[in-house]
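# Structure at a glance
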Amino acid sequence: MTLLYRAQAMSQEQVAAAIYETMIRPEQFDRFFSGPPAAGEAAAGAGAPQRPRGAPVLRAHFARAAQIQEQQWEQAGRPHPGGYSGACNRFWMLAGTGSGSRLLNASQRAARQLIGCSDLAAAMGLTPAAADRWHTFLEQVRQGAFSWQDVLVLGTRRPGERFLCRPVRLDTAGGAAVAVMAERLDWEWHGEAAGQVATAFGLRKADLKPFKAVLSGPGGKVSDGLQQAAVRAGAPGTAELIRLAAFLMTEHVRDLKIARGELLPPAEDVQDSSGQRCQYFRLGAETGQPVIFVHGLLDGIAPLQRLQPQLRMLGFRVYAPMRAGYGGSAPLPRGQDPADAFVRQLEALMRRENLQRPVLLSHRGGALYGCRAANRLHRRIAGLVAVAPNCSITSTRQFSGLRGYAWLVAACAARAGWLLPVLMKGWSAALRWYGPKALLRFQTARGSRERALLHKMELLQLLQQSQALFLQQGGAGFLTDVQMMRRGVQKLPLPRETRAVFLHGGEDHVAPLRDVRDALNGLGGAQLCVSQEAGALVFYTFPELVLTALQDCAAAAPDAA
């Protein structure tokens, strides 16, 4: 069983992070607020199933999340639901059960849409059937004909969106009362994700059928079957299970879209110490071992982006800065050293994100930048993983495996650098002619196994995104990188004690194995791993080797401290 196959299952860390994310929210403080008993509460409590013996780890995380949430409630002054702060980017609202069901409280996002609306159901975008269920539920709560375990799911006119509604205790000037909390869920059913969620919860996929029925169908009150599933999964209640499962499924579907190139990863900007803007992308998990990806010259973040689900499941928190002249990063000012500028980018990124000892993961021509950054940042990083490193352009013999326009650009880089700006003007037209896959096909030998594997991969959308980032500033970043690589290096600038793994393909004709061995000679902390079946595209054809190298480097990080 390969690492890549094992990474298809949701890890406990991923599920635990989702539990804390979906539990520790101010709009759920009502769990600590006492109020009047509901008419159906005694009957519901008498028939409630006992806590199971299974899912002890998840139950422990739910309990710990509730403790943290209660501490926050105490620190906030023990507010009742009508006094919650709405300062968040989620959409939730608290509705009264009296005539008109007026709005009592809401998040800032919801308030902008709902304040001043006389019909909350219409403002929420509910379908006609869901609006009827909403009004019926409000009336039942007003009359006391409900249980505190009641959960109502309502459909809207917008696809992939539902409202999760439940009664909450409320303290008013006239005494204790009851209101209804409605939280908007982003939701998209996905069979593969459902199976992973069920496994992570210790359930069978069939146990989630009531969940699919209520979220994919017209909506309504949650059935007893899902209440039983919540108990077996160790969740405090049905609402918590629905919220968590919807979060994990939506997260997984978004990861798949990123991996296919349908979405770009989230991006932000940061300014370095010289005031230059740097764009960087976030991939992988929200918590875990930090990794900084140092992209190559041609395919940008594409090889990493296609591993988004695996990066999250393995707990890697990845940041991918665009070097000067790529994407939205400012071009390199005249006269500045590109390696110095890149190190300033990393320092600014590490300050912004408070990154402690990240692993540097470089690809192809990014290896030279990765080594220079490791040399400068030294003990502030945990190590370096260089995949298919290509650190210099010194001879046209290096490009015997290239074809067409790529060979012409590489040959000019080695012997006639002054022609590169002219060639770059035709680069966009050449890529449109050859197609985005030409970015990778140029690096493989004709008739090779690697080219055959490349032909089977669905990379079109990913490479189109990379091409757009590559050409966003007319190829300014590429020209800067080529000029730097022309200078080349005989020995990589890497401290001897730096933990470094160089992963190379034995069939790489652009960066021959002998050149990589020569560059690593004398580096005591460097380990060279060679896959004889791989070539220049080892990141694409054998991604499990990359993930394994990352894990090894991260695991050895304490030894380097």
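Residue indices begin from 1 for each chain and proceed along its sequence in written order. Thresholds applied to this predicted model are a pLDDT of at least 70 for local features of residues and 80 or more for the giving and counting of side-chain atom pairs; totals over whole chains, interfaces and linings are not thresholded and use all residues. Based on all heavy atoms of the structure, the side-chain values leave hydrogens and waters out of the count.

### Some points on the layout of surface pockets
The following threshold applies: Site definitions follow a grid-based scheme: protein atoms alone, a 1 Å grid, a 1.4 Å probe that fits but cannot get out for cavities, and for pockets an open set with protein on both sides within 12 Å along at least five of seven lines, plus lining residues having an atom within 4 Å of a point. Grid points are joined across faces, edges and corners, and a volume is the space filled by probe spheres set on the points. The helix count covers DSSP runs of H or I at least four residues long, the strand count covers runs of E at least two residues long, and both are numbered beginning at the N terminus.
Quantified by volume, the second largest pocket comes out at close to 670 Å³. Lining the second largest pocket are 19 residues; nearest its centre among them are E21, R25, R90, D186 and F247. When contributions to the lining of the second largest pocket are tallied by element, the ones reaching two or more residues are β5 (175–186) and α11 (238–260). Counting residues per element, the lining of the second largest pocket draws most heavily on α11, which supplies six residues.

### Some details on the nonpolar core
For soluble globular proteins, nonpolar side chains are generally found buried alongside one another. Spelled out, the test is: Put simply, buried Ala, Val, Leu, Ile, Met, Phe, Trp, Tyr and Cys residues joined by side-chain atoms within 4.5 Å make one nonpolar core. Between buried and exposed lies partly exposed: a residue is buried under 20% and exposed over 50% of the maximum accessible area for its type, with that area taken using a 1.4 Å probe on protein chains only. It only takes one pair of heavy atoms within 4.5 Å for two residues to be counted as in contact.
Counting 47 residues, the largest nonpolar core has L361, V385, V387, F539 and Y540 as the members making the most contacts within it. In terms of residue count, helix α25 (residues 543–555) provides more of this core than any other element does, six residues in total. Beyond its immediate sequence surroundings of up to four residues, L361 is in contact with V291, I292, F293, V294, L304, V385, V387, F539, V546 and L550. By size, the runner-up hydrophobic cluster in this structure holds 38 residues, among which are L58, A193, A194 and L241.

### A closer look at the sheet that holds strand β11 (residues 359–363)
What counts, and what does not: A pair of strands is considered paired only if DSSP assigns at least 2 bridges between the two. Between N-to-C directions, angles span 0 to 180 degrees; the directions come from axes that are lines fitted to C-alpha atoms, helices contributing only their stretch in contact.
Within the open sheet, the eight strands sit side by side as β7-β8-β10-β9-β11-β12-β13-β14. Their pairing is mixed. The sheet is open, and its two borders are formed by β7 (267–271) and β14 (526–531), each paired with just one other strand. Each neighbouring strand pair of the sheet contributes to a mean axis angle of 25 degrees, computed without reference to strand direction. For strand β13 (residues 500–505) and β14, the ladder comprises six bridges, and the chain directions are parallel. If you follow L503 over to β14, its bridge partner there is C529.

### Comments concerning helix α4 (residues 56–75)
Every α-helix carries 3.6 residues per turn, so stepping three or four residues along brings you back to the same face. To keep things clear, this is the line we draw: The span you would expect from a helix comes to 1.5 Å times its residue count less one. As used here, the arc belongs to the directions running from the helix axis to the C-beta atoms.
Spanning 20 residues, α4 covers 29 Å between terminal C-alpha atoms, matching the ideal 28 Å at 1.5 Å per step. Taken together, the buried positions of α4 are occupied by L58, F62, A65, Q69 and W73. When α4 is viewed along its axis, its buried side chains cluster within an angular range of 85 degrees and face the same direction. More than 90 degrees from the buried face of α4, the exposed residues found are P56 and Q75. Residues of α4 that are buried make contact with α2 (12–23), α8 (191–200), α10 (224–233) and α11. The positive-phi residue at the C-terminal boundary of α4 is G77, with phi of around 90 degrees.

### A closer look at the environment of D119
Mapped onto the fold, D119 is located in the loop between α5 (108–114) and α6 (120–124). Assessed through its relative accessible area of 37%, D119 is described here as partly exposed. Note: C-alpha distance between D119 and A131 (twelve residues apart in sequence) is 9.9 Å.

### Overview of the pattern of salt bridges
Opposite charge on two side chains permits them to pair, given that their charged atoms come into close proximity. Stated formally: Put simply, a salt bridge is a Lys or Arg side-chain nitrogen that is within 4 Å of an Asp or Glu carboxyl oxygen.
Summed over the entire model, instances satisfying the criterion amount to 26 salt bridges. Linking E161 and R158 is a salt bridge whose minimum nitrogen-to-oxygen distance equals 2.8 Å. Looking at R158, the relative accessible area reads 34%, which means it is partly exposed. Between R277 and D269 there is a salt bridge, with the nearest N and O atoms lying 3.9 Å from each other.

### Let's talk about the packing of aromatic side chains
Heads up, the rule is: For Phe, Tyr and Trp, rings pair up if their centres lie within 6.5 Å, where Trp contributes its six-membered ring, and each pair is then called stacked (planes under 30 degrees apart), edge-to-face (over 60) or tilted (otherwise).
If you walk through the whole model with that rule in mind, you get ten aromatic pairs. Seen in terms of ring centroids, F293 and F539 are 6.1 Å apart; in terms of plane orientation they differ by 90 degrees. Their pairing is edge-to-face. Placement of the pair is F293 in strand β9 (residues 289–294) and F539 in helix α24 (residues 538–541), with a sequence separation of 246 residues. The two residues F293 and F539 agree in class, both being buried.

### Some details on the packing of α10 against α11
Inclusion rule: Comment on the angle field: the value is read as roughly parallel under 35 degrees, roughly antiparallel over 145, roughly perpendicular from 65 to 115, and oblique elsewhere.
Between α10 and α11, the least distance of the axes is 8 Å, while the angle of their chain directions is 80 degrees. It follows from the interaxial angle that α10 and α11 lie roughly perpendicular. Contacts between α10 and α11 pair L226, Q227, A229, A230 and A233 from the former with T238, L241 and I242 from the latter.

### Quick look at the environment of L283
Along the polypeptide, L283 turns up in strand β8 (residues 277–284). Along the chain, L283 and R317 lie 34 residues apart, while their C-alpha atoms are 6.5 Å from each other. Here L283 is in contact with P265, L304, Q305, Q308, F316, R317, V318 and A320, once residues within four sequence places are set aside.

### Here we look at the pairing of β13
By the criterion of burial, β13 is predominantly enclosed, with six of the six residues buried. Along β13, one buried face is formed by A500, F502 and H504 and the opposite face, lined by V501, L503 and G505, is buried too. Pairing between strand β12 (residues 383–387) and β13: four bridges, direction parallel. Along β13, the bridge assignment pairs V385 with V501.

### Looking at the environment of N89
With respect to the helices and strands, N89 occurs in the loop between α4 and β1 (92–95). The spatial distance from the C-alpha of N89 to the C-alpha of A110 is 9.0 Å, given a sequence separation of 21 residues.

### Comments concerning the side chain of E183
Our working definition: Under the rule applied, a polar contact is a pair of N or O atoms within 3.5 Å (in protein, one hydrogen donor and one hydrogen acceptor; residues adjacent in sequence only if both atoms are side-chain atoms).
Relative to the elements of secondary structure, E183 occurs in strand β5. Only 3.3 Å separates the side chain of E183 from the side chain of R166, close enough to count as a polar contact. In terms of polar contacts, E183 uses its side chain to reach the side chain of R243, at 2.9 Å. Setting aside anything within four residues of it in sequence, one finds E183 in contact with Q28, F91, W92, R162, F163, L164, R166 and R243.

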